[in-house]
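# Coordinate inspection notes
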Amino acid sequence: MPCAQVLAQSQSNVTIYGDVDQYIGYIHSDSGKSVTGVNDGAFLRSRIGVRGQEDLGDGYQAVFTLENGFGANNGAMADTTRLFDRQAWVGIASPAGTFRVGRQNTAIFFIGDAIDYTTRTTFGSVINTFGVPSRYDNDISYKSPRLAGLQLELHYAMTETAGQHLGQRGVYQLGLDYRYGPFRAGYAGLVAKPVAGAVYDDAVQYHNVYLNYNYGPGTIYAAAVRTNNVTSNANGNNATAILSNVSATGNTFAGTDPNVKRFYNIYQLSADYKITPQLRVGALYGVMVDTSGSNSGAKGGNLGTFYDLSKRTMLYGFANYMKNDSNAGFRFGGSGAPSANLAGADINGRTLVGLQAGILHRF
């Protein structure tokens with residue numbers, strides 16, 4: 001085939017995209033302590049990215065995404081150790097599915113819009129407060145086409161550790177998403193083992209199931225999580241993950257924390273309603289159940305509203321609530337947590353309320 005003809009068939013495009021999300025937040029503890037500030041990302045963390053594709057012919061495409069997170073309130077990078085902290089991958093899209101290699105979002109992170117009406121991002125989302133595995137390095141993935149309503153997603157984030165054979169360690173993920181008419185249901189989860197010779201050889205697990213029903217002017221969301229990915233949480237620093245939610249060296253963990261033997265069951269129900277084409281309201285309630293019986297769970301929820309000024313600009317507001325059990329130290333957290341937050345005696349066993357009002361612009 002002549003060279004000019006080959007070049008004519010090869011078409012590529014590159015897109016710069018992102019969003020800027022800023023909110024004013026207020027958090028109050030029944031200890032009497034409060035904190036107020038301008039923060040980034042109550043709905044979406046601010047980011048800028050580059051994505052592209054090249055048509056290779058016969059239904060094949062070369063694809064890539066490079067994405068960096070930043071705080072629009074101060075201009076700082078979200079992770080100063082990485083140029084592209086959110087995504088950095090390249091792959092091939094084909095009629096048989098898409099294959100990717102690099103730093104990628106998890107299957108769990110990807111289905112946020114199926115978890116609750118806030119897309120699992122606000123203070124009031126109990127699943128967000130607990131912590132969500134978001135992305136891992138050195139990740140090999142496959143996502144199938146949607147067949148009869150069902151789509152499959154597989155990931156293996158490698159360890160690249162000397163002396164470890166392929167498949168011995170790393171982060172394994174599975175996602176299944178099914179859509180039929182107004183219904184959507186699925187599962188997303190991961191399993192990861194600690195380093196060789198760990199004191200506690202238990203795997204960290206995170207299993208998330210969900211069911212949605214679109215009733216016309218809105219959607220009802222039900223979700224449940226079972227996981228042991230949490231340290232002792234009455235420590236004044238909020239519950240932290242045993243396996244990093246954003247990748248650590250080797251995609252593994254030390255295996256020295258006995259809390260890996262403790263599982264939480266998290267249940268959450270929410271719904272929204274579109275009053276006008278521009279105005280949407282919603283409500284959410286969830287509980288974290290500490291199955292060890294050590295009274296280290298929490299419950300909470302929120303009321304929220306969204307108003308679209310245009311297709312790309314949205315105003316939003318949320319009123320949030322959380323009550324810790326006597327031995328729990330959860331606080332409003334997740335991706336949109338304020339840089340100055342409550343800690344210690346102001347969260348341990350405490351009841352918290354929070355307000356968020358912000359603006360999101362996509363480009």
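Look a little higher up for the structure.
Below is a short write-up of the structure.

Here is what the cut-offs are and how they apply
- In every chain, residue numbers begin from 1 and rise along the written sequence.
- Where local features are concerned, this predicted model is filtered to residues with pLDDT of at least 70; where side-chain atom pairs are given and counted, the filter is 80 or more; whole-chain, interface and lining totals use all residues.
- Values shown for side chains rest on all heavy atoms present in the structure; no hydrogens or waters enter the calculation.
- For the purposes of this entry, the term helix denotes a DSSP run of H or I that reaches at least four residues, the term strand denotes a run of E that reaches at least two, and both are numbered from the N terminus.
- Radius of gyration here uses only the C-alpha atoms, and the compact-globule reference equals 2.2 Å multiplied by the residue count raised to the power 0.38.
- Throughout, a residue-residue contact means that at least one pair of heavy atoms, one from each residue, lies within 4.5 Å.
- Charge assignment in this entry is limited to Lys and Arg as positive and Asp and Glu as negative, and neither His nor the chain termini are counted.
- For the purpose of locating charges, the reference atoms are NZ of Lys, CZ of Arg, CG of Asp and CD of Glu.
- Paired strands, as defined in this entry, are two strands with at least two bridges between them according to DSSP.
- Put simply, two rings from Phe, Tyr or Trp (the six-membered ring, in Trp's case) pair if the centres are within 6.5 Å, and we call them stacked under 30 degrees between planes, edge-to-face over 60, tilted for the rest.
- In this scheme, Lys NZ or Arg CZ marks a charge over a ring once it lies within 6 Å of the ring centre and within 35 degrees of the ring normal.
- Burial classification: accessible surface area is computed with a 1.4 Å probe over protein chains only, and a residue below 20% of its type maximum counts as buried, one above 50% as exposed, and the rest as partly exposed.
- Whenever a carboxyl oxygen of Asp or Glu lies within 4 Å of a side-chain nitrogen of Lys or Arg, that contact is scored as a salt bridge.
- The definition of a polar contact used here is a pair of N or O atoms within 3.5 Å, where within protein one atom must be able to donate a hydrogen and the other to accept one, and adjacent residues in sequence count solely through side-chain atom pairs.

## Concerning the overall build of the protein
When its secondary structure is counted, the protein shows 3 helices and 17 strands. Whereas a compact globule of 363 residues would reach a radius of gyration of roughly 21 Å, the protein reaches 21 Å, a difference of no more than 12%. Seen through its principal axes, the protein has C-alpha atoms that stretch 75 × 60 × 40 Å. Across the protein, contacts joining residues at least 24 apart in sequence account for 60% of those joining residues at least 6 apart. Positive and negative side-chain charges in the protein, numbering 28 and 25 respectively, have mean positions lying 4 Å apart.

## Observations regarding the pairing of strand E7 (residues 135-143)
Examined bridge by bridge, strand E6 (residues 97-105) and E7 share 7 bridges and lie antiparallel to one another. Among the inter-strand pairings, asparagine 105 is bridged to a residue of E7, identified as arginine 135. When E7 meets strand E8 (residues 150-157), the two strands line up antiparallel, connected through 5 bridges. Across the sheet, residue isoleucine 140 finds its bridge partner in E8, namely tyrosine 156. Hairpin connection between E7 and E8: a loop of 6 residues separates the two successive antiparallel strands, and alanine 148 in this loop has a positive phi of roughly 50°.

## Regarding the packing of aromatic side chains
Aromatic ring pairs: the centre-centre distance and the angle between the two ring planes describe each pair. As enumerated under the stated definition, the model contains 13 aromatic pairs in all. Relative to phenylalanine 332, the ring of phenylalanine 123 has its centre 5.0 Å away and its plane inclined at 5°; by these criteria the two rings are stacked. Of the two residues, phenylalanine 123 sits in the loop between helix H2 (107-110) and helix H3 (126-130) while phenylalanine 332 sits in the loop between strand E16 (313-324) and strand E17 (351-362), which places them 209 residues apart along the sequence. The positively charged end of arginine 100 is found above the aromatic ring belonging to tryptophan 89, 3.9 Å away from the centroid.

## Points about unusual backbone geometry
Here the phi dihedral of asparagine 138 falls at roughly 50°; this positive angle occurs in a residue that is not glycine. Position of asparagine 138 relative to the elements: it lies in strand E7. Look at asparagine 138 and you get partly exposed, because its relative accessible area is 32%. Unlike most non-glycine residues, asparagine 251 shows phi in positive territory, near 50°. Within the fold, asparagine 251 resides in the loop between strand E12 (219-227) and strand E13 (264-274).

## Remarks on the side chain of arginine 331
Note on placement: arginine 331 falls in the loop between E16 and E17. Of the side chains bearing the opposite charge, aspartate 346 lies closest to the buried arginine 331, which forms no salt bridge; the N-O distance is 9.2 Å. At 2.6 Å, the side chain of arginine 331 and the backbone oxygen of leucine 342 are in polar contact.

## Considerations on the environment of glycine 333
With respect to the helices and strands, glycine 333 occurs in the loop between E16 and E17. Accessibility expressed as a relative area gives 4% for glycine 333, which makes it buried. A C-alpha to C-alpha distance of 9.5 Å links glycine 333 and serine 125, two positions 208 residues apart in sequence.

## Considering the side chain of glutamine 268
Residue placement: glutamine 268 occurs in strand E13. Side chain to side chain, glutamine 268 and aspartate 116 meet in a polar contact 2.8 Å long. Polar contacts involving the side chain of glutamine 268 include one to the main-chain amide nitrogen of isoleucine 127, which spans 3.2 Å.

## Focus: the pairing of strand E14 (residues 279-290)
Alternating residues of E14 divide into Arg280, Gly282, Leu284, Gly286, Met288 and Asp290, all buried, and Leu279, Val281, Ala283, Tyr285, Val287 and Val289, none buried. Judged from the 11 bridges that link them, E13 and E14 form a sheet pairing that is antiparallel. The residue bridging serine 270 from the neighbouring strand is leucine 284, located in E14. Hairpin connection, E13 to E14: the antiparallel pair is bridged by 4 residues. Summarising the sheet, E14 and strand E15 (residues 298-308) pair through 10 bridges and their orientation is antiparallel. Opposite valine 287, over in E15, you have lysine 299 as the bridge partner.

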